[in-house]
Amino acid sequence: MELGEIVVTEHPNEREMYKKKMPRAQNLLWRSGNWIHHGFGYLTGEMEEYGEWMKNKPLMVQLVDWILRGTSQVMFVNNPLSGLIILVGLFIQSPWWMLTGCTGTTVSIFTALALSQDRSSIAAGLHGYNGILVGLLMAVYSDKGDYYWWLLPPVAVISAACPVLSSALGSIFSKWDLPVFTLPFNIAVTLYLAATGHYNPFFPTTLIKPVAAVPNITWSDINVPLLLQSIPVGIGQVYGCGNPWTGGIFLVALLISSPLICLHAAIGSTVGMFAALSIASPLDSIYLGLHNYNCALACIAIGGMFYALTWQTHLLSLACGEYLLYKEKQEIVQIQNTNMENSVDVKTETKGERMPVKQNPLSAGGKSFCRAVGYLTGDMKDFGTWLKDKPLPIQLLDWVLRGISQVMFVNNPLSGLVILTGLLLQNPWWTLTGCVGTLVSTLAALILGQDRSAIAAGLHGYNGVLVGLLMAVFSADGDYNWWLLLPVALVSMTCPIFTSALSTVFSKWDLPVLTLPFNLALTFYLAASGPHNLFFPTTVIHPATATPNITWADAEITMFLQSIPVGVGQVYGCDNPCTGGIFLIALFISSPLICVHAVIGSAVGMLAGLSLATPFNQIYLGLWGYNSSLSCAAIGGMFLALTWQTHLLAMACALFTAYLGAAVTHMLSVFGVPPGTWPFCLSALTFLLMTTNSSGICKLPLAKVTYPEANRAYYLMMKKHERSCCEA
């Protein structure tokens with residue numbers, strides 16, 4: 001035995017002697033306590049063992065688990081038992097609300113599956129909780145009352161947008177490692193309520209009025225039991241419920257999964273109640289828990305959920321809850337007081353050499369014709385290369401024509417010339433202002449030293465032509481007000497600045513700027529001038545103040561069909577169906593795929609307008625078609641490689657854009673400003689930000705984007721290269 005070595009002798013009978021000495025009753029009690037402890041361990045927390053056990057079960061069985069977890073994830077709880085208890089509370093509040101909520105979370109989860117989102121996120125309920133909130137709140141704010149079964153289709157449509165919004169926001173917030181919270185729900189419900197409103201014939205919503213007088217508060221009327229009751233009511237209001245028993249059941253559900261979440265939810269609700277008293281809020285709103293629910297969520301998020309729980313983060317969560325209430329009140333007061341891109345070659349490689357084949361004259365003539373057509377279609381790259389050594393004025397003419405066509409993602413001077421013809425047919429004055437806008441915008445980009453290839457592709461001209469056209473369209477002075485050319489030139493000069501600035505930001509996600517520079521420039525101009533300006537008055541735009549009188553017997557099928565080309569024409573602000581038809585010819589010359597998707601998008605927008613009982617004259621004028629047309633063309637082969645999945649996604653984006661357009665129109669009409677192409681930009685960027693595991697949905701690098709046919713050829717070449725690498 002070496003020095004320092006310790007020998008431990010074990011007597012095997014000692015453990016048995018200890019067991020014999022332990023009383024039998026104490027042994028049973030110890031075993032039962034251990035069993036209960038393990039049993040609670042399986043039911044509390046996130047029930048991880050149960051989730052592992054569910055992985056090899058049928059999809060419909062797993063779906064139930066995902067729905068329950070999505071129900072509880074609203075309160076940061078990933079526990080199906082808690083979700084089941086919350087559903088019981090919702091049923092006590094209103095069976096109809098529970099049905100719409102379950103519909104929302106089910107559709108949201110199925111959409112996430114269809115879009116090939118991360119399966120672990122779906123299994124954790126992270127693609128379901130926004131859906132249930134959408135379903136619940138759409139029922140809460142419906143003016144039709146309970147069991148209005150026609151509400152279920154819009155619930156399904158709006159809930160289907162939640163995974164898209166979650167994925168898009170996740171792409172942005174991942175740069176800072178931040179969660180998306182309930183932002184998808186807030187965006188979806190806000191847009192739905194703005195798109196429909198109180199005066200919609202099909203889906204009227206509750207009329208919400210701003211505060212118009214100082215509330216009459218008598219402090220002696222304070223009911224302390226109701227104040228205490230507002231704490232669980234505030235928890236229930238997270239789901240839109242005002243029943244205190246429902247709120248109490250929700251607290252039990254939180255306690256099962258995490259006592260700390262339950263504690264911070266109660267503390268946050270209490271802080272919200274005291275903060276509301278401190279700013280003399282009406283007592284009825286406090287009793288209903290309307291000041292508490294956001295504070296409860298904020299207290300949970302900071303108090304141990306996204307921060308490790310210490311006494312410092314506990315105090316920070318209290319401060320966050322109180323700050324949230326004051327911030328919410330401040331925003332309400334402020335609201336009341338305010339009553340595509342670089343084109344490159346697509347290279348293909350061929351293996352081996354083909355043997356020469358004798359061709360007859362007819363075949364040779366056909367090939368010559370196809371070659372000639374090839375020079376005029378697509379992006380006319382050969383023509384652009386030939387112009388490079390020509391004088392600047394000649395090149396400038398090409399850049400202006402390409403800029404005119406780039407509004408519809410077409411980099412083709414012949415298409416631009418055809419579009420210019422359509423504009424002349426609509427209104428020569430509008431054509432002049434549009435040309436001035438694109439000319440000044442292109443020259444400003446040259447002076448600012450912007451990328452010459454982008455200028456040559458018309459990417460610094462298309463926003464200028466839209467600015468010039470729409471400033472003339474919304475001018476209250478009519479045609480040939482020559483003084484209008486001065487602000488047209490000045491506002492158009494800002495487009496290259498906006499384009500360069502936005503490109504710097506969007507390059508982090510490899511996104512195009514689309515028509516955002518035009519929207520910013522036009523919105524600022526119209527807001528700065530307005531209908532009462534002495535020099536440059538604009539058209540008066542009024543918000544909706546009454547339910548439209550619609551007689552379905554007056555609907556004209558021919559006018560609905562005519563609204564499809566009119567919708568394409570409205571991209572340039574034109575309402576002449578012949579002009580819209582000419583624009584479609586221009587698109588077809590460059591890219592038949594863009595032409596087809598523009599028509600599909602306009603048709604989808606028209607149908608979406610009918611689904612919301614929009615006045616027929618707005619649909620006939622194509623006001624529901626132009627944003628959807630742009631979105632469908634952008635997603636259907638332009639920035640995403642064309643597959644059957646992206647084709648369906650393009651139609652979904654067109655539908656989303658149409659409803660978003662209604663929301664944006666109603667919101668901006670309060671300020672007397674038209675929607676422009678804001679709906680197209682917001683929806684297209686959202687869909688481009690979406691991430692997916694599906695191989696059929698491929699976002700192309702912005703440097704490789706040209707036109708849909710060439711984009712698909714590049715995509716197929718990349719797929720072939722990947723397969724060859726895998727085989728090697």
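The structure under discussion appears in the preceding block.
In this report, the structure presented in the accompanying data block is examined.

Rules used in this analysis
- Residues numbered from 1 in each chain as written.
- Predicted model: local features only at pLDDT ≥ 70, side-chain atom pairs only at ≥ 80, totals over all residues.
- Heavy atoms only, no water.
- Helix = DSSP H or I, 4+ residues; strand = E, 2+ residues; numbered from the N terminus.
- Buried < 20%, exposed > 50% of the residue type's maximum accessible area, 1.4 Å probe, protein only.
- Areas by Shrake-Rupley, 256 points an atom, 1.4 Å probe, with all protein chains shown as cover.
- Salt bridge = Lys/Arg side-chain N within 4 Å of Asp/Glu carboxyl O.
- Patch = residues over 30% accessible without salt bridge, like charges linked within 9 Å, V, L, I, M, F, W, Y side chains within 5 Å.
- Axes fitted to C-alpha atoms, helices over the stretch in contact; angles between N-to-C directions.
- Parallel < 35°, antiparallel > 145°, perpendicular 65-115°, else oblique.
- Contact = heavy atoms within 4.5 Å.
- Nonpolar A, V, L, I, M, F, W, Y, C, P; charged D, E, K, R; others polar.
- Core = buried A, V, L, I, M, F, W, Y, C linked by side-chain atoms within 4.5 Å.
- Expected span 1.5 Å × (residues − 1).
- Left-handed = near helix turned anticlockwise from the far one by under 90°.
- Phe/Tyr/Trp six-rings, centres within 6.5 Å; stacked < 30°, edge-to-face > 60°.

**Brief notes about the overall build of the chain**
Next, step 1: Scanning the chain from N- to C-terminus turns up 33 helices and zero strands.
Next, step 2: The burial tally for the chain puts 48% of its 728 residues in the buried class.
Next, step 3: Roughly 35900 Å² of accessible area belongs to the chain as shown, and the carbon and sulfur atoms make up 67% of that amount.

**Focus: the pattern of salt bridges**
Next, step 1: A complete count under the given rule lists five salt bridges for this structure.
Next, step 2: Ionic pairing is found between Lys55 and Glu52, a salt bridge with its closest N-O pair at 3.2 Å.
Next, step 3: Given a relative accessible area of 55%, Lys55 falls into the exposed group.
Next, step 4: Note on Glu52: relative accessible area 45%, which makes it partly exposed.
Next, step 5: Residue Lys390 pairs with Asp389 through a salt bridge whose shortest N-O separation is 3.0 Å.

**Describing a nonpolar patch on the surface**
Next, step 1: Together, Phe181, Met305, Phe306, Tyr307 and Leu316 make up a nonpolar patch on the protein surface, roughly 470 Å² of accessible area in all.
Next, step 2: One can find Phe181 in the loop between helix H9 (152-173) and helix H10 (183-196).

**What to know about the packing of H9 against helix H32 (residues 678-689)**
Next, step 1: In the contact formed by H9 and H32, the axes pass within 7 Å of each other and the chain directions differ by 75 degrees. With respect to their mutual orientation, H9 and H32 come out roughly perpendicular. Contacts between H9 and H32 involve Val164, Leu165, Ser167, Ala168, Ser171 and Ile172 on the former and, on the latter, Thr686, Phe687 and Leu689.
Next, step 2: Considered class by class, the residues forming the contact of H9 with H32 number six nonpolar, three polar and no charged.

**Quick look at the nonpolar core**
Next, step 1: Counting residues in hydrophobic clusters, the biggest one holds 167 residues, and the most contacted among them are Met75, Leu90, Leu151, Tyr239, Phe409, Tyr572 and Phe639.
Next, step 2: A per-element tally of this core places helix H31 (residues 644-669) first, with twelve residues.
Next, step 3: Residues within four places of Met75 in sequence aside, it is in contact with Ile235, Val238, Tyr239, Leu254, Ile261, Ala265, Leu297 and Ile300.

**What about H32?**
Next, step 1: Between its terminal C-alpha atoms H32 stretches 16 Å, which fits the 16 Å expected from twelve residues at 1.5 Å a residue.
Next, step 2: Burial analysis of H32 places eleven of its twelve residues in the buried class, the great majority of the element.
Next, step 3: Buried residues of H32: Trp678, Pro679, Phe680, Cys681, Ser683, Ala684, Leu685, Thr686, Phe687, Leu688 and Leu689, and no others.
Next, step 4: Of the surrounding elements, those touching the buried residues of H32 are H9, helix H24 (485-506), helix H25 (516-529), helix H30 (626-638) and H31.

**Some points on the side chain of Ser269**
Next, step 1: By the secondary structure assignment, Ser269 is in helix H13 (residues 259-278).
Next, step 2: Its relative accessible area of 0% is what places Ser269 among the buried residues.
Next, step 3: Beyond its immediate chain neighbours, meaning those up to four positions away, Ser269 contacts Ser230, Ile231, Gly234, Ile235, Asn292 and Ala296.

**Concerning the side chain of Ser628**
Next, step 1: Mapping Ser628 onto the fold places it in helix H30.
Next, step 2: The contact partners of Ser628, leaving out residues within four places of it in the chain, are Gly601, Gly605, Ala654, Thr657 and Ala658.

**Notes on the environment of Val180**
Next, step 1: Turning to its location among the elements, Val180 is positioned in the loop between H9 and H10.
Next, step 2: If we ignore the near neighbours within four places in the chain, the residues touching Val180 are Tyr129, Ser166, Leu169, Gly170 and Phe173.

**Re H25**
Next, step 1: Helix length check: H25, at 14 residues, gives a terminal C-alpha distance of 20 Å against a target of 20 Å (1.5 Å per residue), a fit within 8%.
Next, step 2: Where H25 is buried, its residues meet helix H23 (462-473), H24 and H32.
Next, step 3: Of the residues flanking the end of H25, it is Gly530, one or two places downstream, whose phi is positive at about 80 degrees.

**A look at the packing of helix H28 (residues 592-611) against H30**
Packed helix pairs are characterised by how far apart their axes lie and by the angle those axes make with each other.
Next, step 1: Running from N to C, H28 and H30 cross one another at 140 degrees; their axes reach a closest spacing of 7 Å. Classed by the angle they form, the pair H28 and H30 counts as oblique. Read as a crossing pair, H28 and H30 show a hand that is right-handed. In this structure, H28 uses Ile594, His597, Ala598, Ile600, Gly601, Ser602 and Gly605 to contact H30, whose residues at the interface are Ser628, Ser629, Cys632, Ala633, Gly636 and Met638.
Next, step 2: Residues of the contact of H28 with H30, tallied by class, amount to six nonpolar, seven polar and no charged.

**Things to note about the packing of aromatic side chains**
Next, step 1: What the rule picks out here adds up to 25 aromatic pairs.
Next, step 2: Aromatic side chains Tyr239 and Phe250 sit 4.9 Å apart centroid to centroid with 55 degrees between the ring planes, which places their arrangement in the tilted category. Of the two residues, Tyr239 sits in the loop between helix H11 (224-236) and helix H12 (244-257) while Phe250 sits in helix H12, which places them eleven residues apart along the sequence.
Next, step 3: Pairing Trp429 with Trp482 gives two aromatic rings, centres 5.2 Å apart and planes at 80 degrees, and the pair type is edge-to-face. Within this pair, whereas Trp429 is found in helix H21 (residues 428-447), its partner Trp482 is found in the loop between H23 and H24, the two being separated by 53 residues in sequence.
Next, step 4: Taking relative accessible area as the criterion, Trp429 reaches 0% and is therefore assigned buried.
Next, step 5: Residue Trp482 is classed as exposed on the basis of its relative accessible area, which comes to 51%.
Next, step 6: Grouped by ring-pair contacts, the aromatic residues Tyr148, Phe202, Phe203, Trp552, Phe560, Phe616 and Tyr620 constitute a single cluster.

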